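Examination of the molecular architecture
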Amino acid sequence: MRSNFAYDTDRLVQEDQTHILHPWGDLGEPASRNPMIIAEAEGVYVYNSDGHRMLDGIGGLWCVNIGYGREEMVQAIADQVRKLPYCSNFGITATPKSIEFGTRLAGYTPGDLKRVLFTTGGSTAVDSALRFVQFYFNSTGRPNKKHIITRNYAYHGSTYLSASVSGKPGDRGNLDFVTDTVHHLPVPDPYRRPEGMTEEEFCDLKVADLENKILELGPENVGCFIAEPLLASGGVIVPPAGYQKRTRDVCSKYHVLYISDEVVTGFGRLGEIFASEPVFEIVPDIITSAKGLTSGYIPLGAVFISERLYGEVSGEAARGKQFANGFTYSGHPVACAAGLKNLDIIESENILGHVRDLGNYFIESLSKLEELPIVGIVRGSHLVACVECVADKKTKEPVPASFDIGNRIGVHARARGLMVRPMGHLAVLSPPLIVTREQIDTIVEIMEQAINAAVDDLVREGLW
Ligand code: PMP
């Protein structure tokens, strides 16, 4: 608790409710869900406007990887604002920081993904990657390769195209999407594989889903497959072992480009800067990144493109052809300065090693929540996890949406000093990567208490 806070919470709440349209806000009940005003933060902790301290179990929105309040970041950002607060990355202009950051990042990318296109965040990175695929096939005489294959429960962003390739059913209400060229495969969720099927057999089935879809559309019509290595916002769904490698092989076989969306999995969340190759044994054609790229201190996204692809659409033959895609703030120098300092911190504090050391402990400790009657599964990898609540462990039937179990867990956890991310019947955790073993123990302890308190609510209301 901080007692020296001078925020007027009542006024802030009232003005928020009067003027602010929250992304993913529930428009049906804005008044009953008072906004939580987060006013300050330090290390792994955030403070609400009344001074109540909470361990940030979601790391902002899976992005504050190095934790809050880093003086080095403040300094790097301030220095850059003083020197050059803005310069576009359009055409031939560049800045020392965008060049330095792009070059440094290329040292971490797998294979020949050495060409960096900066964007403003994850959605614009995904949009730009998909548009680059269009540009690539149009430029190389294969304009029919327009179809995009993706998966249900994927999340790739909130622009028209990135939302179209996303596949969370709950995000589809009252909005329009690109449908003629976008195809969703069933989610590769081993928890809900058919009864009696082994994980290996399930993997065969999910890989076949992709191959069959490519064959159904005709390989000559399919441009790319886009996939998060694990489906983060869809509920931290970790596909069966070998799935990423085998789907990558299918794509190579049919000349379908593979986009690995590492917006969540990159920058240490799975113990690597890019997880695609070291964790999942794939070298994609394109990687998208954001969030941990700057640890959320300043918005930035990036697309990493294979030199092979870039080579085919650049040079003499491409003279006069522009890749007309980009944003005012692409490669923003202040964001790149923040990104460089973020990398310095990740490297100098061996944050990747820390995540590799603690990752198992995090998942194993949380797994004990599976003993609770309402918890169907705890799943995840390294420092990202999800607790799924089910009405019946045998049938795996999710807790009905009307029970609002995720939000109930969220409220009880916050009261006890932990922020989690409720998503329907799920509670997601992705703490800053500097979290300690003791703090993990606290997370697990509070989660257990919060889940029990939420179940008590249901019992009191005659729902459980
Ligand atoms: N891709 C993935 C995998 C994501 O999780 C997200 C955001 N949660 C995005 C893309 C979109 O990123 P942004 O919100 O920065 O636009």
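Note that this is a predicted model, so its numbers are computed, not measured.

Focus: the overall build of the chain
Looking only at helices and strands, the chain has 14 helices and 16 strands in total. Taken over the C-alpha trace, the chain has a radius of gyration of 22 Å; the compact-globule value for 464 residues is 23 Å, and the two agree within 12%. When burial is assessed residue by residue, the chain has 47% of its 464 residues classed as buried. In the chain, once contacts between residues fewer than 6 apart in sequence are set aside, the share between residues at least 24 apart is 72%.

Some details on the sheet that holds strand E8 (residues 257-261)
The mixed open sheet is built from seven strands, whose spatial order is E4-E10-E9-E8-E7-E5-E6. Every interior strand has two partners, whereas the edge strands, strand E4 (115-119) and strand E6 (182-185), have only one. Put simply, the sheet's adjacent strands are angled 20° from each other on average, direction ignored. Bridging between E4 and strand E10 (residues 301-305) involves five bridges; their strand directions are antiparallel. Counterpart to Thr-119 in the pairing with E10 is Gly-301.

Here's the deal with the packing of helix H7 (residues 199-217) against helix H8 (residues 243-253)
Angle between the axes and distance between the axes are the two parameters that describe a pair of packed helices. Running from N to C, H7 and H8 cross one another at 20°; their axes reach a closest spacing of 10 Å. Considered as vectors, H7 and H8 are oriented roughly parallel to each other. For the pair H7 and H8, the crossing hand works out as right-handed. Here Cys-203, Lys-206, Val-207, Leu-210, Glu-211 and Ile-214 of H7 lie close against H8, whose contacting residues are Tyr-243, Arg-246, Thr-247 and Val-250. Residue classes in the contact of H7 with H8 are distributed as six nonpolar, one polar and three charged.

Things to note about the sheet that holds strand E14 (residues 418-419)
Overall, mixed pairing links the four strands, which are arranged E1-E2-E3-E14 in an open sheet. Only two strands of the sheet have a single partner each, and these edge strands are strand E1 (38-42) and E14. Of the strand pairs in this sheet, E1 and strand E2 (residues 45-48) are connected by four bridges, and their pairing is antiparallel. Across the sheet, residue Ile-38 finds its bridge partner in E2, namely Asn-48.

Some remarks on the packing of helix H12 (residues 351-367) against helix H14 (residues 437-460)
Axis separation between H12 and H14 bottoms out at 10 Å; the angle between their running directions is 20°. The angle between the axes of H12 and H14 places the two elements in the roughly parallel class. Between H12 and H14 lies a crossing of right-handed hand. Every residue of H14 that contacts H12 at Leu-358, Tyr-361, Phe-362, Ser-365 and Leu-366 is listed here: Arg-437, Ile-440, Asp-441 and Val-444. Class assignment of the residues belonging to the contact of H12 with H14 gives a composition of six nonpolar, one polar and two charged.

Some remarks on the domain arrangement of the chain
Domain annotation of the chain identifies domain 1 (9-66 + 350-460) and domain 2 (72-348). Spacing between the C-alpha centres of domain 1 and domain 2 amounts to 26 Å. In this complex, domain 1 contributes 28 residues to the contact, which on the side of domain 2 involves 22 residues. Residue classes in the side of domain 1 that touches domain 2 are distributed as 16 nonpolar, eight polar and four charged.

Examining unusual backbone geometry
Residue Ser-295 is not a glycine yet carries a positive backbone phi of 55°. Within the secondary structure layout, Ser-295 lies in the loop between strand E9 (286-289) and E10. The class of Ser-295 is buried, set by 28 C-beta atoms lying within 10 Å. Within the chain, Asp-404 stands out as a residue other than glycine whose phi angle is a positive 55°. Along the chain, the position of Asp-404 falls in the loop between strand E13 (397-398) and helix H13 (405-415).

Scoring rules and cut-offs
In this convention, every chain numbers its residues from 1, walking through the sequence in written order. Residues qualify for local features only when their pLDDT is at least 70, as the model is predicted, and side-chain atom pairs are given and counted only at 80 or more; totals for whole chains, interfaces and linings, by contrast, use all residues. Each helix is a run of DSSP H or I of at least 4 residues and each strand a run of E of at least 2, with the numbering of both proceeding from the N terminus. Only C-alpha atoms enter the radius of gyration, while the globule expectation follows 2.2 Å times N to the 0.38, with N the number of residues. Counting other C-beta atoms within 10 Å of a residue's C-beta gives its exposure: the residue is buried at 20 or more, exposed at 12 or fewer, and partly exposed in between, where C-beta atoms are placed from the backbone. For every residue pair, C-beta atoms are placed from the backbone, and the pair is scored as a contact if these atoms sit within 7 Å. Note: two strands are recorded as paired if DSSP finds a minimum of 2 bridges between them. Working convention: axes come from line fits to C-alpha atoms, limited for helices to the stretch in contact. Angles between N-to-C directions cover 0 to 180 degrees. When an angle is under 35 degrees it counts as roughly parallel; over 145 it counts as roughly antiparallel; between 65 and 115 it counts as roughly perpendicular; any other value is oblique. By the definition used in this description, the sense in which the near helix is turned from the far one sets the handedness, with an anticlockwise turn below a right angle giving left-handed and a clockwise turn giving right-handed. Note on residue classes: Ala, Val, Leu, Ile, Met, Phe, Trp, Tyr, Cys and Pro are nonpolar, Asp, Glu, Lys and Arg are charged, and everything else, Gly too, is polar. The split into domains, and so the bounds of each, comes from an automatic or database assignment of domains.

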